[in-house]
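Here is what each chain is made of, one letter per residue.
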Amino acid sequence: REALRVHRPNVMVIDPHLADGNGIDLVREVKHELPDLAVVVLSGNHDPAAVAAAVSAGCEGYVPKTARISALASAARRAAAGEMAVANVHLEELAAYIAHRRSEPEKLTARELEILRLLADGLSTDQMARRLIVSSHTIRNHIRSVLRKTGAHTRLEAVSLARHMGLLIDD
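Remember, predicted model here, so these are calculated numbers, not experimental data.

Considerations on the side chain of S43
Okay, so step 1: Within the secondary structure, S43 is located in strand β4 (residues 38–43).
Okay, so step 2: Here Y62 takes part through its side chain, which lies 3.4 Å from a polar atom of the side chain of S43.
Okay, so step 3: Those residues within four positions of S43 in sequence are excluded, and the remaining contacts are P16, Y62, V63, P64 and K65.

Here it is in structure tokens:
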């Protein structure tokens, strides 16, 4: 933790199973102190509950240990750029897992659906604000509304749920 405070990296890659504790708990603590730090989980566990725990903790990426090093590098670059870095197979499993655990979300407005599509495209808050010609504050309000209505804890989880519900179609 001290190294993170001193060096302030853009991305942290972490294994959820640390010798001296739980990596996901550490992510929660670190994200509280350094909310702009992008976190990518490198894990041997592909269970949807494990992916859900990582996403709920604020991780931007989830990469299996069996993936090529280029996949990890790509995930780190994408996470640093504010994009989601989770394989589609994990997103689909995550969405099914989450959907099974909760009821239907509140209906989204047309603007909230537009925000969801931009989130799925990996745009940052500022990029969305420029594209939609509104303030970043307005975008953050829409994102909070999307999270509340979908019951998601993170942007990634909201996109995953939206895909599972058929609200987002991959081109």
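Things to note about the pattern of salt bridges
Okay, so step 1: On inspection of all chains with the given rule, the structure shows six salt bridges.
Okay, so step 2: Across the pair E83 and R78 runs a salt bridge whose closest N-O atoms are separated by 3.2 Å.
Okay, so step 3: On the basis of relative accessibility, which here comes to 28%, the residue E83 falls in the partly exposed class.
Okay, so step 4: The closest approach of N and O atoms between E112 and K149, which form a salt bridge, is 2.9 Å. Remark: K149 occurs in helix α8 (residues 136–150) and E112 occurs in helix α6 (residues 110–120); sequence separation between them is 37 residues. Across this residue pair, the class does not change: E112 and K149 are buried.

Quick word on the nonpolar core
Okay, so step 1: Counting 46 residues, the largest nonpolar core has M12, L116 and M128 as the members making the most contacts within it.
Okay, so step 2: The next biggest cluster of nonpolar side chains, apart from the first, holds seven residues, and it includes A38, V40, A75 and A85.

Observations concerning the packing of helix α7 (residues 125–132) against α8
Okay, so step 1: Close contact between α7 and α8 brings their axes to 8 Å; oriented N to C, the two are set at 110°. Classified by the angle between their axes, α7 and α8 sit roughly perpendicular to one another. Along its contact with α7, which presents T125, D126, M128, A129 and L132, the element α8 presents S136, I139, R140 and I143.

Section: α8
Okay, so step 1: With 15 residues, α8 ought to run about 21 Å at 1.5 Å a step, and its terminal C-alpha atoms sit 21 Å apart, in line with that.
Okay, so step 2: Among the residues of α8, those classed as buried are S136, I139, I143, S145, V146, L147, K149 and T150.
Okay, so step 3: Against the buried residues of α8 lie α6, α7 and α9 (155–164).
Okay, so step 4: Downstream of α8 by a residue or two, G151 has a phi angle that is positive, lying close to 80°.

Cut-off values and rules
Residues numbered from 1 in each chain as written. Predicted model: local features only at pLDDT ≥ 70, side-chain atom pairs only at ≥ 80, totals over all residues. Heavy atoms only, no water. Helix = DSSP H or I, 4+ residues; strand = E, 2+ residues; numbered from the N terminus. Polar contact = N/O pair within 3.5 Å; in protein donor to acceptor, adjacent residues only side chain to side chain. Contact = heavy atoms within 4.5 Å. Salt bridge = Lys/Arg side-chain N within 4 Å of Asp/Glu carboxyl O. Buried < 20%, exposed > 50% of the residue type's maximum accessible area, 1.4 Å probe, protein only. Core = buried A, V, L, I, M, F, W, Y, C linked by side-chain atoms within 4.5 Å. Axes fitted to C-alpha atoms, helices over the stretch in contact; angles between N-to-C directions. Parallel < 35°, antiparallel > 145°, perpendicular 65-115°, else oblique. Expected span 1.5 Å × (residues − 1).

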